[in-house]
Amino acid sequence: MPTPRRATFDPTRRRLLLAGAGSIALAACGGGGDGGTASPASTTTTSVGPQRLSLLRVFALEQPAGVALRLPLAFADADGVPTAEVPDEITVRAVSPRGTSLDPVTVARRGTGIPSPYFPFTQTLGEAGTWELVIAVGSAETSTELTVRAPEELAAVPNPGDPLPSIPTPTVGDALGIEPLCTATPPCPLHETSLDQALTSGRPIVLLVSTPAFCQTAICGPVLDLLVERQTSLGDRATLIHTEVYTDDRAEETTPTVNALGLRYEPSLFLADADGTVRARLDYTFDATELDESLDALLA
C-alpha cells in the first residue's frame, strides 16, 4: 500500500470551491417524522437504525437535462461527519416536476479503498425543472431536490460525448507558474505529461482534478492514491494526469485548467478516448471498484 498522502498546509487557510453538497436528516426517533427541513432542500425526518443519520447529497444541485447523471449519495452521523455505518443498499425514486415518478432504482453501497462509503445513483432526467429524489432505507423514507436545466444554461463541464479542451497542464518540466505542482505528500508521479500533449499520444486519457491539501471533503487524497496505485498495471495503455485546483498554497485562485473545464467542485475524474472524447466522468467521490469498472470500459 502506498504511503497515505496528507495535507501539509493549514486547512483553515483554504478557499473552498462551491460544492453543491448539502445534508438532510434521517432521525432515529422511534418511527414517524417530525417535519424537519434542511436548506436548500426539504426532507422528512424518520427512523433509520439505532442512530441519527444525515443523508448527504454529494453532487451539484444543478444538473443538465437529457444527460446520464451520476448523483452520489452518502451518510453522515449526528455531528455531520461522514460515517461508514451505512446500509448495504438504498432505493432512489426520481419524481419529475409534473409529479410523475420514474422507476425506483436500488443502489448498492460502494466504498472500497476510501474512508467513507457512498451510493452512486445514476439516472437521466429529461425534463427541466425541480426534481425530487425520494430515498428509501429499509422502511424509512426521505427526500431531497435538485434543479435540472438545459445543458447550455450550465457551466460547460465536458460531459460524456464532449471533447476535452486541448490545453497545457502543469508538469514537472513546466509548472506553468503553479506552486506547489502537487499538494499530495509525497507529490504524486502523475505530472509528467501535459493534457495537450496527451491528446496527441494516441492513448486514452485519465485526467484527475483534485487537491489533497485543500479538499473540502477529504476525499481528494484517497482517490488520487487509487489512481496512482493503478499506474503500473495500466502501463502505456493510458496516459494518467493529475492536476491541482489552486495556483498556490493560499488556495485563493483556481488554475487555468479548472477554469477551462468549467469546474466548481473537486475532485473530478475525466476518462477520455485517444481523440479526447470524454467517455465517463466521476465527480465528488469514487472507490476502487467504480474506478476499475470505468477504466475497463475505457480500455475495452
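These figures come from a predicted structure and were not determined experimentally. (Residues numbered from 1 in each chain as written. Predicted model: local features only at pLDDT ≥ 70, side-chain atom pairs only at ≥ 80, totals over all residues. Heavy atoms only, no water.)

From N to C terminus, the chain includes five helices and 15 strands. Residue burial in the chain is summarised as follows: out of 300 residues, 50% are buried. For the chain, the accessible area works out to roughly 13000 Å², and carbon and sulfur atoms hold 48% of it. (Helix = DSSP H or I, 4+ residues; strand = E, 2+ residues; numbered from the N terminus. Buried < 20%, exposed > 50% of the residue type's maximum accessible area, 1.4 Å probe, protein only. Areas by Shrake-Rupley, 256 points an atom, 1.4 Å probe, with all protein chains shown as cover.)

For the chain, the average pLDDT comes to 84, and 83% of its residues sit at 70 or higher. Low pLDDT, under 50, characterises residues 1-22; the predicted model gives this stretch 63 contacts beyond four residues in sequence or across chains. (pLDDT = per-residue confidence, 0-100. Contact = heavy atoms within 4.5 Å.)

This part is about the packing of aromatic side chains. Taken as a whole and assessed by the stated rule, the structure comprises three aromatic pairs. Ring geometry for Phe75 and Phe119: centres 5.8 Å apart, planes at 90 degrees, overall edge-to-face. Separated by 44 residues along the polypeptide, Phe75 in strand S6 (residues 68-76) and Phe119 in strand S9 (residues 119-124) bring together distant segments of the chain. Like Phe119, Phe75 is buried. When the ring of Tyr265 is compared with that of Tyr284, the centres are 4.7 Å apart and the planes differ by 20 degrees; the resulting orientation is stacked. With Tyr265 in the loop between helix H4 (256-261) and strand S14 (268-272) and Tyr284 in the loop between strand S15 (278-283) and helix H5 (288-299), this pair connects stretches of sequence that are 19 residues apart. Tyr265 sits in the buried class, given a relative accessible area of 8%. (Phe/Tyr/Trp six-rings, centres within 6.5 Å; stacked < 30°, edge-to-face > 60°.)

Omega for the bond connecting Glu179 with Pro180 falls within 30 degrees of zero, at 5 degrees, which places this linkage in the cis form. Checked against the element boundaries, Pro180 lands in the loop between strand S11 (140-149) and helix H1 (195-198). Backbone torsion omega between Glu266 and Pro267 reads -5 degrees, so that peptide bond is classified as cis. Looking at the secondary structure, you find Pro267 in the loop between H4 and S14. One non-glycine residue, Tyr284, lies in positive phi territory at about 75 degrees.

Turning next to the pairing of S14. Among the five residues that make up S14, five are buried, leaving the element largely enclosed by the rest of the structure. Residues of S14 alternate between two faces, with Ser268, Phe270 and Ala272 on one and Leu269 and Leu271 on the opposite face, all of them buried. Inspection of the sheet shows strand S12 (residues 205-209) paired to S14 by five bridges, in the antiparallel sense. Counterpart to Leu208 in the pairing with S14 is Leu269. Pairing between S14 and S15: five bridges, direction antiparallel. Paired with Leu269 across the bridge in S15 is Leu282. (Pairing = 2+ DSSP bridges.)

Turning our eyes to something else, we now look at the pattern of salt bridges. Inspection of the entire model under this criterion finds nine salt bridges. Of the charged contacts in the structure, one is a salt bridge between Asp248 and Arg250, with a shortest N-O distance of 2.8 Å. In this structure, Arg281 engages Asp283 in a salt bridge whose closest nitrogen and oxygen atoms are separated by 2.8 Å. Exposure remark for Arg281: the relative accessible area of 17% places this residue in the buried category. Three or more residues are tied together by salt bridges with common partners; here these are Glu229, Arg230 and Asp292. (Salt bridge = Lys/Arg side-chain N within 4 Å of Asp/Glu carboxyl O.)

So, on to the side chain of Ser210. Counting through the fold element by element, Ser210 comes out in the loop between S12 and helix H2 (220-229). Leaving out residues up to four positions away in the same chain, Ser210 has contacts with Cys220, Leu224, His242, Thr243, Glu244, Val245 and Pro267.

This paragraph deals with the state of the cysteines. For the structure on display, the rule yields one disulfide. Residue pairing for Cys215: its cysteine sulfur links by disulfide to Cys220, the two sulfurs lying 2.4 Å apart. The S-S bond linking Cys215 to Cys220 shows a torsion near 60 degrees; that makes this disulfide right-handed. When sorted by exposure, Cys215 lands in the same class as Cys220, which is buried. Counting only cysteine sulfurs, Cys188 is the nearest neighbor of Cys182, a cysteine outside any disulfide, at a range of 3.8 Å. (Disulfide = S-S within 2.5 Å.)

A separate point is the sheet that holds S12. The strand order S13-S12-S14-S15 describes an open sheet built from four strands, whose pairing is mixed. Each edge of the open sheet carries a strand with a single partner, namely strand S13 (239-243) and S15. Strand-to-strand, the axes of this sheet are offset by a mean angle of 15 degrees, without reference to chain direction. Both S12 and S13 contribute to a ladder of five bridges, which runs parallel. (Axes fitted to C-alpha atoms, helices over the stretch in contact; angles between N-to-C directions.)

Size it by volume and the largest pocket reaches roughly 840 Å³. Together, 38 residues line the largest pocket, and Gln63, Pro64, Tyr265, Arg281 and Asp283 are the ones closest to its centre. Counting only elements with at least two residues in the lining of the largest pocket, the list comes to strand S5 (62-64), S6, S9, S15 and H5. Per-element accounting of the lining of the largest pocket gives the leading share, five residues, to S15. The class makeup of the residues in the lining of the largest pocket is 22 nonpolar, six polar and ten charged. (1 Å grid on protein atoms, 1.4 Å probe; cavity = no way out; pocket = protein on both sides within 12 Å on 5 of 7 lines; lining within 4 Å. Points joined across faces, edges and corners; volume = space filled by probe spheres on them. Nonpolar A, V, L, I, M, F, W, Y, C, P; charged D, E, K, R; others polar.)

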